[in-house]
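Residues per chain, in single letters:
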Amino acid sequence: RQGYSPAPFYLVQQSDQGETRFVAWTSELRQLKQLIDSILDTFPDEVEVLLKVDTGETEDQDIVWNRYVGRASRKAVREALVNYERYVFQDGDNQLCVKRPDTDEYFALDHCGVLYVYSSSPQLADLCAGAGFARQHTAELISDAGHWRVSLKDGEQLREGLIHQLGLALDVSCGPSE
């Protein structure tokens, strides 16, 4: 989004139900990867993976997603993040979620590059600060206003490679979802 260039930051948000999520943003890919790697260090050896792929929009302009799901080792997730870095971090047609099956805490890298971490662990603030993210109490997200999304020309090929490497399968139980 033109003109959107805040310094790296994170927010801590509380839902009406009292659940906590951290929201982190940086324009520096190296910094985002460092934070994700630090979070993955706190996850068990086997994780659950969800890849959401944009299939188009409804008449109300809601995104319709295909969902690919599976279990993978933390090592396999790290390798996939390296092998398919361009797709995961630069293609605006996907969202990647990785969940701890033991606590149901997870992180989601959305299609705009915003990292959401659904956890109340106080360690997350230290991980964010250690990666160079400053805590903010409020901030405008890149997705809060009109913005462009980039679809890579080889995105479909990269997506298929990522799905194969992580052993994901299309979740047909829910069909495309908004």
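Remember, predicted model here, so these are calculated numbers, not experimental data.

Draft legend 1. Region of interest: the packing of aromatic side chains. Throughout the structure, instances matching the rule amount to three aromatic pairs. With a centroid separation of 5.9 Å and 50 degrees between ring planes, the pair formed by Phe 43 and Phe 107 is classed as tilted. Of this pair, Phe 43 sits in the loop between α1 (29-41) and β3 (46-57) while Phe 107 sits in strand β6 (residues 106-109), placing them 64 residues apart in sequence. Residue classification places Phe 107 among the buried residues on the basis of a relative accessible area of 2%.

Draft legend 2. How the structure looks around the packing of helix α2 (residues 74-83) against helix α5 (residues 155-166). Interaxial distance between α2 and α5 falls to 10 Å at its minimum, and their mutual angle equals 165 degrees. On the basis of the axis angle, α2 is roughly antiparallel to α5. Note on packing geometry: the crossing formed by α2 with α5 is right-handed. When α2 is examined against α5, the residues Ala 76, Val 77, Glu 79, Ala 80 and Asn 83 are found in contact with a partner set consisting of Leu 162, Gln 165 and Leu 166. Among the residues making up the contact of α2 with α5, the classes are represented as five nonpolar, two polar and one charged.

Draft legend 3. Region of the structure containing the packing of α1 against α2. Here α1 crosses α2 at 170 degrees, and the two axes come no closer than 11 Å. Classed by the angle they form, the pair α1 and α2 counts as roughly antiparallel. Seen from α1, the contacting residues are Ile 36, Asp 37, Leu 40 and Asp 41; seen from α2, they are Arg 74, Val 77, Arg 78 and Leu 81.

Draft legend 4. The confidence of the model for the protein chain, seen in detail. Confidence in the prediction for the protein chain averages 87 pLDDT; 85% of positions are at 70 or higher. Ranking the helices and strands of the protein chain by mean pLDDT puts α2 first, with 97, and β3 last, with 89.

Draft legend 5. The pattern of salt bridges, seen in detail. Applying the stated criterion to the full structure yields 12 salt bridges. Close ionic contact of Arg 71 with Glu 46 constitutes a salt bridge, the shortest N to O distance being 3.1 Å. Remark: Glu 46 occurs in strand β3 and Arg 71 occurs in strand β4 (residues 63-73); sequence separation between them is 25 residues. Taking relative accessible area as the criterion, Arg 71 reaches 44% and is therefore assigned partly exposed. For Glu 48, the salt bridge identified is with Arg 71, shortest N-O distance 3.0 Å.

Draft legend 6. Here's a closer look at the pairing of β6. For strand β5 (residues 94-99) and β6, the ladder comprises four bridges, and the chain directions are antiparallel. Residue pairing for β6: Val 98 is matched across the bridge by Phe 107. Between the antiparallel neighbours β5 and β6 lie six residues, among them Asp 104 with a positive phi of about 65 degrees. If you look at the hairpin formed by β6 and strand β7 (residues 115-118), you'll find five residues sitting between the two strands, and Gly 113 has a positive phi there, around 90 degrees.

Draft legend 7. Main features of the environment of Thr 20. Following the sequence through the fold, Thr 20 ends up in strand β2 (residues 20-25). Along the primary structure Thr 20 and Ser 119 are separated by 99 residues, whereas in three dimensions their C-alpha atoms are 5.8 Å apart. The contacts of Thr 20, once residues within four sequence positions are left out, are Val 12, Gln 13, Gln 14, Val 117, Tyr 118, Ser 119 and Ser 120. At a separation of 2.7 Å, a polar atom in the side chain of Thr 20 contacts the side chain of Gln 14.

Analysis parameters
Residues numbered from 1 in each chain as written. Predicted model: local features only at pLDDT ≥ 70, side-chain atom pairs only at ≥ 80, totals over all residues. Heavy atoms only, no water. Phe/Tyr/Trp six-rings, centres within 6.5 Å; stacked < 30°, edge-to-face > 60°. Helix = DSSP H or I, 4+ residues; strand = E, 2+ residues; numbered from the N terminus. Buried < 20%, exposed > 50% of the residue type's maximum accessible area, 1.4 Å probe, protein only. Axes fitted to C-alpha atoms, helices over the stretch in contact; angles between N-to-C directions. Parallel < 35°, antiparallel > 145°, perpendicular 65-115°, else oblique. Left-handed = near helix turned anticlockwise from the far one by under 90°. Contact = heavy atoms within 4.5 Å. Nonpolar A, V, L, I, M, F, W, Y, C, P; charged D, E, K, R; others polar. pLDDT = per-residue confidence, 0-100. Salt bridge = Lys/Arg side-chain N within 4 Å of Asp/Glu carboxyl O. Pairing = 2+ DSSP bridges. Polar contact = N/O pair within 3.5 Å; in protein donor to acceptor, adjacent residues only side chain to side chain.

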